[in-house]
Structures are given as C-alpha cells and as structure tokens.
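# Geometric and topological summary
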Amino acid sequence: MNNEERQESQLSSPALALQMEEEIRATSPWKDTVRQLRKNKFALIGFIIIITFILVGLFAPLLTPYGYEQQVLQDRLKPPSAEHWLGTDDVGRDIFTRIAYGARISLQVGFFAVTGALIFGTLFGLIAGYFGRWVDMIISRIFDIMLAFPSILLAIAIVAILGASLQNALIAIAIINIPIFGRLVRSKVISLREEEFILAARAQGMKNGRIIFHHILPNSLAPIIVQTTLGFGTAILDAAALGFLGLGAQPPLPEWGKMLADSRDFIQLAPWTLIAPGLCIMLVVLGFNLIGDGLRDALDPRMKN
Amino acid sequence: MLSYTIRRLLMLIPVLLGMTLITFSIVHLIPGSPAQTILGQNATEAAIKSLEESMGLNESYFKQYFLYIKGLLQGDLGTSLKSKAPIVKEIWPYIAGTFELTFFAMVFAVFVGVNAGIISAWKQNSWFDFLAMFVALIGVSIPVFWLALMEQWIFAQELGWFPAHGRQNNRDPIEAITYFYVIDTFIKMDFTQMVTALKHLVLPSIALGTIPMAIIARMTRSTMLEVMQSDYIRTVRAKGSGQFLIIYKHALKNAMIPVLTVIGLQTGVLLGGAILTETIFSWPGIGRYIFDAINYRDYPVIQSGILVIAFIFVMINLIVDLLYTYIDPRIKY
Amino acid sequence: MRSKRSKWSLLLMLMFLLMLVLSACGGGEDEPSEAEGDADTTETDDGSDATEDSGGEKTLVFARGGDSESLDPGSTSDGESSRVTRQVLETLIDFAPDSFELEPGLAKEWEVSDDGLKYTFYLQEGVKFHDGTDFNAEAVKINFDRFADPEHEYAFADHDYVYFMYSAMFGGHKGDEGHVVDEVVVVDDHTVEFNLNTPLGFFLQNMGMTYFAITSPAALEEYGPEINENPVGTGPFKFISWTKDDSIILEKNEDYWKEGLPKLDRLIFEVIPDNAARLIALRSGDIDIMDGLNPDDAAGVETDEDLTLYARDENNFGYVGFNVQNEPLDNELLRQAISHAIDREAIVDALYAGYGTVAKNPLPPSYLGYNDDVEGYQYDVEKAKEVLAEAGYEDGLEIDLWTMPVARPYMPDPEKTAEIIQNNLAEIGITVNIVREEWAPYLEKTAAGEHQIYMLGWSGTNGDPDYFLSSLLHGDLIGDSNREFYQSDKVDQLLNEAKVEIDQEKRADMYKEAQAIIAEDVPMVPLVHSTPVMASSSTVKNYVPHLSTSESLEEVDLE
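Residues numbered from 1 in each chain as written. Chains lettered and ligands numbered in written order. Predicted model: local features only at pLDDT ≥ 70, side-chain atom pairs only at ≥ 80, totals over all residues.

Looking up chain C in an unreviewed UniProt entry gives the name Peptide/nickel transport system substrate-binding protein, with the organism given as Pseudogracilibacillus auburnensis. Listed under Sequence similarities (unreviewed entry) in UniProt, the entry text for chain C is "Belongs to the bacterial solute-binding protein 5 family." (UniProt positions renumbered as here; feature names shortened; annotations may be inferred.)

Looking at an unreviewed UniProt entry, one finds chain A named Peptide/nickel transport system permease protein, with Pseudogracilibacillus auburnensis as its source organism. In UniProt, chain A has this text filed under Sequence similarities (unreviewed entry): "Belongs to the binding-protein-dependent transport system permease family." As recorded by UniProt, the Subcellular location (unreviewed entry) comment attached to chain A reads in full: "Cell membrane".

So, on to the confidence of the model for chain C. Residues and elements named next belong to chain C. Looking at chain C as a whole, the pLDDT averages 85, with 90% of positions reaching at least 70. The weakest mean pLDDT in chain C belongs to helix 2 (residues 38–54) at 39; the strongest belongs to strand 11 (residues 289–290) at 94. Between residues 19–55, whose pLDDT stays under 50, and residues either more than four places distant or in other chains, the model counts 28 contacts. Confidence estimates for the predicted assembly give a pTM of 0.84 and an ipTM of 0.86. (pLDDT = per-residue confidence, 0-100. Helix = DSSP H or I, 4+ residues; strand = E, 2+ residues; numbered from the N terminus. Contact = placed C-beta atoms within 7 Å.)

Our next topic: helix 14 (residues 439–447) of chain C. Every buried residue of helix 14 of chain C is listed here: Ala 440, Tyr 442, Leu 443, Glu 444, Thr 446 and Ala 447 of chain C. Immediately beyond the C-terminal end of helix 14 of chain C, within one or two residues, lies Gly 449 of chain C, with a positive phi of roughly 80 degrees. (Buried ≥ 20, exposed ≤ 12 C-beta atoms within 10 Å, placed from the backbone.)

Time to look at the UniProt feature "domain: Solute-binding protein family" (unreviewed entry) in chain C. Per the UniProt entry, the sites bearing "domain: Solute-binding protein family" (unreviewed entry) are residues 101–476 of chain C in this numbering. Secondary structure across residues 101–476 of chain C divides into 28% helix and 23% strand, with the first and last C-alpha atoms of the span separated by 29 Å.

Ala 155, Ile 156, Val 159, Ile 173 and Ile 236 of chain A together with Phe 145 and Ile 216 of chain B are the most contacted members of the largest nonpolar core, which totals 332 residues. Not counting chain neighbours up to four residues away, the residues in contact with Ile 236 of chain A comprise Ser 106, Val 109, Gly 110, Ile 281, Val 284 and Val 285 of chain A. (Core = buried A, V, L, I, M, F, W, Y, C linked by C-beta atoms within 7 Å.)

In this section: the packing of helix 10 (residues 208–244) of chain A against helix 12 (residues 272–299) of chain A. Residues and elements named next belong to chain A. Two elements in contact, helix 10 and helix 12, have axes separated by 9 Å at closest approach and are oriented at 170 degrees. Taken together, the axes of helix 10 and helix 12 lie roughly antiparallel to each other. The crossing of helix 10 and helix 12 is left-handed. Along its contact with helix 10, which presents Ala 222, Ile 225, Val 226, Thr 229, Leu 230, Phe 232, Gly 233, Ile 236, Leu 237 and Ala 240, the element helix 12 presents Ile 281, Val 284, Val 285, Phe 288, Asn 289, Ile 291, Gly 292, Leu 295, Arg 296 and Leu 299. (Axes fitted to C-alpha atoms, helices over the stretch in contact; angles between N-to-C directions. Parallel < 35°, antiparallel > 145°, perpendicular 65-115°, else oblique. Left-handed = near helix turned anticlockwise from the far one by under 90°.)

Structure below.
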C-alpha cells in the first residue's frame, strides 16, 4: 500500500478512519450485501433511526397542532408538559414542533450537500484518474490545497463570502466534501485503469466516456456508497455547526444548530431548550454512521468471516 | 528515504502557494468594507473613503497580492486593522492557546482511546467491550458544540467542579513566558496556578478530544483484534491469565501506527473543532481570533489566521508522513 | 532497522508512562475539590494566594462580553474601550456618577464668553501623569491639536488613526468647513482657552466624553502609534498589561490627585463572550462584576443573596426605521399602519424581561427637551388594518425587514425582535421577509438605502439631544447615519438653530417641536429605551453604573 493510497482510504471515512480495502470485483454480489446488512443489528438500528426521522419530518404537520413559527409570548420558556412535549423556547414556540420541522431541514441539507459533492467529486475524480498526467496533476493539487484547510474553517470562509443562509451553508458543505469524494474515486480509477478488462475495452476502440461510465464507475461504486452514507452524517454535523455559529439557517427556520445557539443564554433558566436539538443531531448522525459501518462491513470482503 | 523526504517537501511548494492564493481571494471576496467596521455606525461616508485609501484597499488585486506574498516571505503577516498592531506580534498567545488546548485534547483522546481499545479487544464481547464501543459510537456522532454546552451545564453550572471560561483565573494572573500556561507555571514552580490552568483545560479538552478519542478507540480495537490472532499472543495467552501486561506492551507497539495516523488526520478536525470549543469556553485561541476577525472584517487577521492554521496542519501531516516511513520499514517509497 | 523499531516502541512506552503519571496527578488534584465542592476550594486557594503575594490586596475582576479595540480613546467609539480608558485617562469635565450633569474633572472651573465663542478652563494643579510628567495646559493643547489635525505629529494618520468621534462632535477636522474649534490657546500653565468659530450648544457636554481624555504628551512621544496599547494618563488606575481577548490589568495609582482614591489595589477587565458562562463565573466567585446580564436571568440574580443586581438608566433608543424615499414606504399611511401593528409592549416584556420602557420619541426620557406630549402609536390591530386599507393595501403586501446581526444594549436579541415583528405584521396581512447581513455590509447597505425596513438603535454618550436627533434624522446626514432618508426642512432648521443656541431652555423648546413633527411623519417606529442589567457579587460596594456605559471605578470597594 503506498502512501497516497493509505491517505485515500483514511480520508474516505473520516468519521471512522478504519482502513478500507475495497477489493470488489467486476460482479459485485449485491444480494449478498443486502443479506449481510439484514443480519447486522447495528445497521438495522441505524435504518430505524433514519426512517423515524424521515417520517417525523414528512408528517410534522400531522404530529403537532402548532406551526414552527407560531409564537405565544406569554408561554415563553415553559418546561415540558402535556401541551408542549419538549417545552417552549424564549418566544413561546413549541420545541417539539420545531424539532420535527427541523428534521426536514437537516435531512435535506445532508441530502443536497452530499449529492452535490458526490456529483462533482466523482466527476473530477474520474477525470483526474482516467486521464492522468497534467490533468491529474492539477486536480490533485487543488484537492491537496483544499484539504490543507480544516474543513469547517473553509466552510466558514465560503459562507462569509456568499453570505449567511441555509442555502449557502449547503453549498459550502458540498464544496468542502468534493475533494474527499474526488480523491476516493481517483484512486479507485487508477487501480482499475490498468485492469485487463479496461485495457481490453480500450483495445476494442471503446470511447473514453463509455469506458468511464460503463466500466470504471460501476466498479468503483462500493467505496462511494459507503462514503456517501457517512458523508450524510458529517454534512448534517457541519450544517449544524454553521447554524450554531449563525452562519447557516436564518430565523425563523427551525434548524437544530441554530436552535442550540439561540438557547445558549437560557442554560441556567431553561436547560431543556438545549437538550432536544443536540440529541437529535447526534441521533441522526449516529444513524448514518451505523448504516455506513454496516455497509462497509457488508461490502468489504476482508471483514467477512 | 532521503529522496522521499525531498520529494515530499517539494510537493509542499505548490500547496503552500495555492493556500496563499486561497486566503488572499477569500478575503477579497468577502463583502463589506473594513473601513466601515472600524469606524462604526456613526461614520461619515467621507471618513470611510479616506480610510479605505490609506489602507491600500484601492490598489489593484494583483499589486495587493504581490505585496502580500512579499510581506509573507519577509515574515510579515500584516497589521491588524482592529488593534493596529503587527499580527506577528499578537498572534502567538492565540496560537499557544489553541496548541495547549489541542494538545491536551489529543492526550485525552490517545490515553483513553488506546486503553479502551486494547481492553475492548482483550475482553472481546464482554460488557466492557460493548460499553466502550457504544460510547465510541456516540463519540463519533456527537456535535462538539453540544457536548461542550452539556459539560458547561452539568460540570460548571450544576456541580461547579470546573470553570467554564478562559484559560486562567484572572484574579491571580499567570505571568506569561511561553503562553503555554501549564509550562509557564511549571517554570515558575507555582503549582497552585498550574492546577488552575489544568482545571480550565479539563472541560474544553474533553469536548474537543471526544471525536478523536472515539476514533482511536475503534481503530485500536480492530487492530488489536488482528494482533490477538497472532501466534505470539496465542502462546502468551495459553500460559494462562495474568499475562495482561505482556500483551499490553505488545499491543501498544502495534497500536502506534494507527494512532499516529489518527493524530495526523485528526489535527485538522481538532483545529476546526477548536473554533466551536473556543467560542463556547471563551478560550482565547486562534479559532476565536479568526471568527471575531471575520465579523470585524479584519482582513489581514482573517488572511494570516487561516494561513497559519493551514500551515500548521500541513506541517503536522508532513511530520506524520515522515515518521511513518521511519517507524514502519514495510512502507517503501 | 530492527533496533530502531524497538527504540521507538520504548519511546512510546515512555510517553504512555508520562501520560499515566500526568493523569494520575490530575486526578489527585481534582479529588479533594470534587469531594468538598470545587467553588469553595478555588476561592480559598485564591484568597490565600492574594495574601501571600501582597498582604490582602483588593483585586476586582470586571467581566464583559468583548475585548477593547484600542486603549487610545480618541481613535475609537467602542464602548468596551472607553470602559477601560475611563480608569486610566481623564477628561477636563466629568459627568456626575448617575447623570450627565457636569462636574469638575481635570478642569476645576470653566467660563463661557457671552457670545459662546470662547471657553476658558482652569486646570487642577499638582496633577501628574502616570509617567511622572506634569499635567498642564500644554498637554491639553497637544491632545486637542492631535484630534483636530490629521497632519499633527501625534495624529499617526499614516498608521490608520482616525479621530472620527472628534469630527462627529466638533463638526469636522482642521480645515473642514464645519469645524467649530478655531484654536486652543495656552494662557498659562494651568489655564487653557478654546476659541470657536461658531457657538456649539453642547460644547461642554462634549468635554466630558471619554473620547476626549488627556494622554501624557511624553507617552505620545515615547510610544508613537503604539499608544493604543500603552495608555498613560492621570486617572485613578495605571495600565499594567493587556492580553488580547483575555484580560487587561490595571493597578492603583498611588499618587492619584484625589485623596484616598482609588480604593482598589488592582482592577482586571476580563473578556468572557458568552453571557451564560459569565454568570456561572460570577456565581463561582471567579469574577466580581459582570456586564451584559441576560434580562431573563435578572430575577434569579435579584433573589440571590450573594449577588447584587444593577440596571443602567435609560440612555438609548432601539427602533425600526423605514426608508421613506422609496416605494412602498414613502406612503405615510402604510408607515402608520405598521406602527400600530407592532406590539412593542410584548417585545419589551418578552425580550427585555421588563427592563426597558416602550419608546415614543427618538430620545431617552431623561434628556433635555424630551417631548412627553407626543402620543405615539398604540398597538391596535383593528386600527392598523383600517389604516392599511386606507393606504391602499387591503390585500396586504410583502416587505423586507433587515435585522441587525449583532446584539446591542438597546437590542439584546435582534433576531427574536425581528421574528416577533414578522408575526405582528402577518396579522394585518403584511408578509415580512427577514434579511440578514453581516454588521459591516449591514451598515453600508442601509446607509446606501438598499433596505425597506431595518432595525437599529443609538446610545447616548454626552447626554445631549443633538446626538440623537441630528444624527438620526437630520437631512444633511442622509446616506450617513440618517438611514430613514428622512428630510424635513422644518426639522433641519430647528436642529440647526438648537445646535448653535447656548440658552438650554430655548434649545429644549426647539427639540420638543422637532419631535412633534417627527412623530407625525413616522420615519421610524420607536421601540424601546432599554435599561441594561448587570450583576455583581454582594461584596462589591459603591458601584454605580453610569448611563454612558462607562463609569469610573475609583470609589468602588470590596468587602
């Protein structure tokens, strides 16, 4: 394993940093993977958590009689009760309602940020890995430079440029994740490029685009899938951090990180306002991490007993 | 080995150059004039215009970048717009603050993580193993800022065990020599102050160190599980119980490489997480320095602060890479 | 290679051993405190320390939310700076501890000529700067020349020093058309004259502002542009050190010219940005006085025997401003409708926990010329709907509301304020989009008139109504601090006349008339005059918060 490759695999799962040896061959046994996943209790728990949050987000209006921006100033900072399951915040909004609507925001941010990073990262990674030489050189150096900055710092800088909003936070998170996907795909492509079936395809005069999309991409899917799942977790975490710093979602959007920041002053008076939003961020991230772990175990033959 | 070192160093040049280009552009793309911030809400338009001019903000970008690089090469990080002091002169206490915090966070992470990992592997599938791995799972998923807030609530406010702000007790200020307060108090052999400094470190270090701790624990455990299969361990184990120390020693030796990897990789995470931790614990570190500078539009501080952090991060990765080749002869270049 | 590897593992072992020892030490240190309750232990630790060091020194720690920008008071308008420089440097005239009444400062007496063009100050004698040099008329002249003239050798203009508060208060810098100070003349060692070009109704009030404090000329020479980190004045405390974003340490001036003062030996200003952490620190005894108490925590502080609650008197004004020159808010009826729709009472109760009063004029009630006859716009949803229909917006409309990105004493929670206003206006059918900008672009863009509705406030520093009314609503300041783009010839004329009038009663009448006109034109919705709350430990004595947000701590004592 050379140095570069070692770095790839670590970077591919920053939340886990377990070395991944993705040696999946041309015909990946997908059915086997599903069977493996089903047996994995942790992954199952992860799925349950995520599906619960998706359902809560989807059916938020049915779960609560309040609106997420509905204020009752007389009822501010009320502790949890039958009317307000998780209490109220400092302008008398129902915290449970905000948590439920907040699930939509967090999951959407996770989805769009990771999708964006996935598309661009994969594209750049494919180009760099497949064409090699100076193209690879330039793209790889840009990735290096981007990775030289602590990611949250880069995200803060990007948001400072674009202006603070949920959408810009999402863009920033997508950008900082591009090199992570890019490097992963690039290393996979490089290891595949000299494989016999690729050489054969090229010898038959197949076009570059066709080779990339019909042969190389499908064979690189396993690590990408794992990284995507884990990426959801980190993206949600980053979005919450930006929200917490006031650089993400703006009022009155019930973003969880923003809710935490808003409640900081009430840590003595109304600590319940701080518990639920943080717990939810943790659970969602945990859910994605569990699924990601499970997927990796299922897709990684080395871990199979 | 030598040639690899040289190659690795050469590879740094474009990265460093690219970094300066990025920090420079970030600053010029941020909307809002620093002159406005300096002069505040009662500033007149004329005052703003004349200040912008005297700050050189009207020069072309190219010229500003050129001057920036020239200054950097001469060790000049610029002058803070807010304090009007050279950044080189005032940045050190912030760097030292962040270093001290990240160091202790890493000490916490490595010490707890490695031990938990080894014991978990040794007692695989025991209640300890499950508990430790459960904590580790939570650990990688928990938002740093939430953990910090919860610590503040429970340990500072409700229990009053540890202070939740700053680096020292200002009633009895520590005389700064290196600005690493634990070292400064050690030099002066003032152990009361040293305990105070350490107490201030407890909550922020744990908050910041939890993610790497969890990662190290998981990594050590999986490495150890492999080591446990080795003939050596099997033989020792066969001799019966009470062989834990021998295994521990052997295990530590093997834990070193993954731990080193994590240190290298997690430095970035730590430096980033430091911004959040420092904000919550009122810690005068570089993260807060930059964050305040962004709000103030203190361009030179934003530029130099980000550059310094990135530089430290790159250097640590370089050292880790070089150490690798040194420690593990199997890695050939 | 093999031997190298074992060396490394040895090293690693050592490292772990060290960690073990360290953590064991740490545990040992913490154990007793955990058992006994840590707060107490820390306090005794510190107590014994203080006695060991210097035999019962009185050290007071004052915690605030942000660090000072500069300790050269003339070069900044930052409140956190004047809070500190107030202790080190003094002004010719002082304000009374609890009002803007004038009291002798470095000048023991003063005279004004009948035409209001000559002010003579008789200075205290025998006063020395902290560096041992004498305070005299020459020092006063050097300081004011420095503020007035960017070319002055101590103006440090090439180091980006701008004395903008001077130009704001005295009509400009040397050579500018509106600059009121013609010349500062040294009559003798302890007499100094200010000759003016035009009368200025609030000249004496200006002389009490912390920005115009007197620095030692020898120190200006010695430190040059680094004077902002090395203040040398005549005040009760001497500057010792400044660790940025952490603490500023001051020490008793043993030779202070006021007998028996100051009472403290050491004064430390500590930065703790988070309100909650600051209160925790106060409760644990780490600090003695805290600024910026969260209004909601005031009740808890009040009932706590170990703490004392303070409220600064009203000296500010938070408002919602309209851009009256652009569609649709050039429609006066629409502005009236909005004024009736905002529930200011509820905002004050919820976000200021009652520590504030609903405003009706752009001037705090205690000020000269405050017009109590102005009725203001009562909260009345039905009326608001009617007026809105009358204005031609029966079907409602959509409006942008710009919200401040930073908290200020007059607006402790701007985001929540905006959300409440958003809710209020929704009730009469106006859809509000909340717009957020960072502080610098916010100020720039509102000055440029890019907004429809925005939020801001103003805090007084010299106790004069001109500072509020002219800054916010004078037609000449459109595009600067008049962000309403409000232009009324009548108001401008009244303000201009009041500015040069030195009969304070006549001034009061003019300001009253101006307020009545302004209320009719509704360029803004006055929201609140806040009374910011603070807390101290009950051992702190004689602390009186001043309206201007910075007060001398010379009388403060610890029990």
